[in-house]
Amino acid sequence: ALLPGTARAQAAYPNRPINIIVPFAAGGPTDVVTRLVAEVMARDLGQPVVVENVGGAGGTLGAQRVAQARPDGYTLLLHHIGMGTTPALYRRLAYDPVNGFETVGLVTEVPMTIIAKKDFPAANLAEMVRVMREQKQSINLANAGVGAASHLCGLLLQSAVQTQVTTIPYRGTGPAMTDLIGGTVDLMCDQTTNTTQQIRSGAVRAFAVTTSERNAALPDLPTAAEAGLPGFEVSVWHGLYAPKGTDAAIVARLSRSLQVALRDERLVARFAELGTTPVSQERATPDAHRAYWQADIAKWRPIIQAAGQYAD
Ligand code: MLT
């Protein structure tokens, strides 16, 4: 007999591969987190979980793709703090950046590091600040577009240093890192999930970590406060979303699968190597994620308006 809609959807779900959109280029911090989570969720759900990179416009193109996808549980979005900042940064989007998604659960909060090409003429954060103030627009700061975490960190850094530099946008900080290592851009503020290995190998120079405590994966790296920028704190929360209207039973099934992933030993160990930890199980839930996301939108709006940097 035919089951009613919801029961039929819930009973069969998932019965084909699931797509998770990463709104930045492959090889960057969002991609790294998503692939680790997707691998465990696929085992738990018994279906392939395919990661697709849809970069551009600071993550809003990927977010738009999911906002406009069928709410059937087969197209998801793994995004980050950019979901908190884009409502203030973008005046015209083709989707509702505040209510256009169902929240599945928070994933992780990743510290950021202030880094430079290895021959940048500064040995520490205080000297970097001086060089920024002297060289201003001749300094190239790489980011992943307006709405990226690297954009937000760059905004906060320029406000803290009271100077403007030139911004070079990429489709993700994966590709940006290639140019920083190559020395064609000077500075970047990016997540430990993308920078820890490059800092350890000496491929880039690190000045500070942007959390109140030092990072266990980079114990010698001073905090921004220690290094001379007190109050400079930002870490990048990540969350998993489905299109608005996705059946609550499907969202609940996905949240349970996310929780399985976040307690997977191999994932926890890999996150630790990359300077981060999964959120607690109760935060990997739809309600906890929605509350955190909505509060973050309210938090960043006045800060972004004071900085006066908009996308359009
Ligand atoms: C990425 O995955 O490339 C980063 O999250 C981009 C950014 O937000 O800075």
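Anything mentioned here points back to the structure above.
Just so you know, these numbers come straight off a predicted model, no measurement behind them.

**Student:** Summarise the packing of helix α2 (residues 29–45) against helix α10 (residues 265–273); cite the residues concerned and give the values.
**Tutor:** For the pair α2 and α10, the least separation of the axes is 10 Å and the interaxial angle reads 170°. For the element pair α2 / α10, the angle class is roughly antiparallel. Here Val33, Leu36, Val37 and Glu39 of α2 come into contact with α10, specifically with Arg266, Leu267, Arg270 and Phe271. Of the residues in the contact of α2 with α10, the class split is five nonpolar, no polar and three charged.

**Student:** Which residues make up the state of the cysteines, and what are the values?
**Tutor:** The bond known as a disulfide is covalent and runs between the sulfur atoms of two cysteines. Summed over all chains, the structure comprises one disulfide. Residue Cys153 pairs covalently with Cys189 via a disulfide, S to S 1.9 Å. As the torsion about the S-S bond is roughly 50°, the Cys153-Cys189 disulfide counts as right-handed. Of the two residues, Cys153 is situated in helix α6 (residues 149–161) and Cys189 in strand β7 (residues 187–191); the sequence distance between them amounts to 36 residues. The exposure classification of Cys153 matches that of Cys189, with both residues buried.

**Student:** Describe the side chain of Thr34, listing the residues and the values that go with them.
**Tutor:** In this fold, Thr34 is placed in helix α2. One polar contact links the side chain of Thr34 to the main-chain carbonyl oxygen of Thr30, over a distance of 2.7 Å. Apart from residues no more than four positions distant in its own chain, Thr34 is found in contact with Ile20, Val22, Val51 and Leu78.

Definitions and cut-offs
- The residue numbers shown here count from 1 along each chain, following its written sequence.
- The predicted origin of the model limits local features to residues at a pLDDT of at least 70 and limits the giving and counting of side-chain atom pairs to 80 or more, whereas totals for whole chains, interfaces and linings rest on all residues.
- Excluding hydrogens and water, the side-chain values take into account all heavy atoms of the structure.
- Lines are fitted to the C-alpha atoms to define the axes, a helix being fitted only along its stretch in contact, and any angle between axes, read from their N-to-C directions, falls within 0 to 180 degrees.
- Helix and strand assignments follow DSSP, with helices taken as H or I runs no shorter than four residues and strands as E runs no shorter than two, numbered in order from the N terminus.
- Note that the term roughly parallel is reserved for angles under 35 degrees, roughly antiparallel for angles over 145, roughly perpendicular for angles of 65 to 115, and oblique for everything else.
- Residues count as neighbours in contact if any of their non-hydrogen atoms are within 4.5 Å of one another.
- Polar here means any residue outside two lists: the nonpolar Ala, Val, Leu, Ile, Met, Phe, Trp, Tyr, Cys and Pro, and the charged Asp, Glu, Lys and Arg; Gly therefore counts as polar.
- What counts as a disulfide here is a pair of cysteine sulfur atoms lying within 2.5 Å.
- Burial classes follow relative accessibility: with a 1.4 Å probe on protein chains only, a residue under 20% of its type's maximum area counts as buried, one over 50% as exposed, and anything between as partly exposed.
- For this analysis, a polar contact is any N or O atom pair within 3.5 Å, provided that within protein one partner can donate a hydrogen and the other can accept it, and provided that sequence-adjacent residues contribute only side-chain to side-chain pairs.

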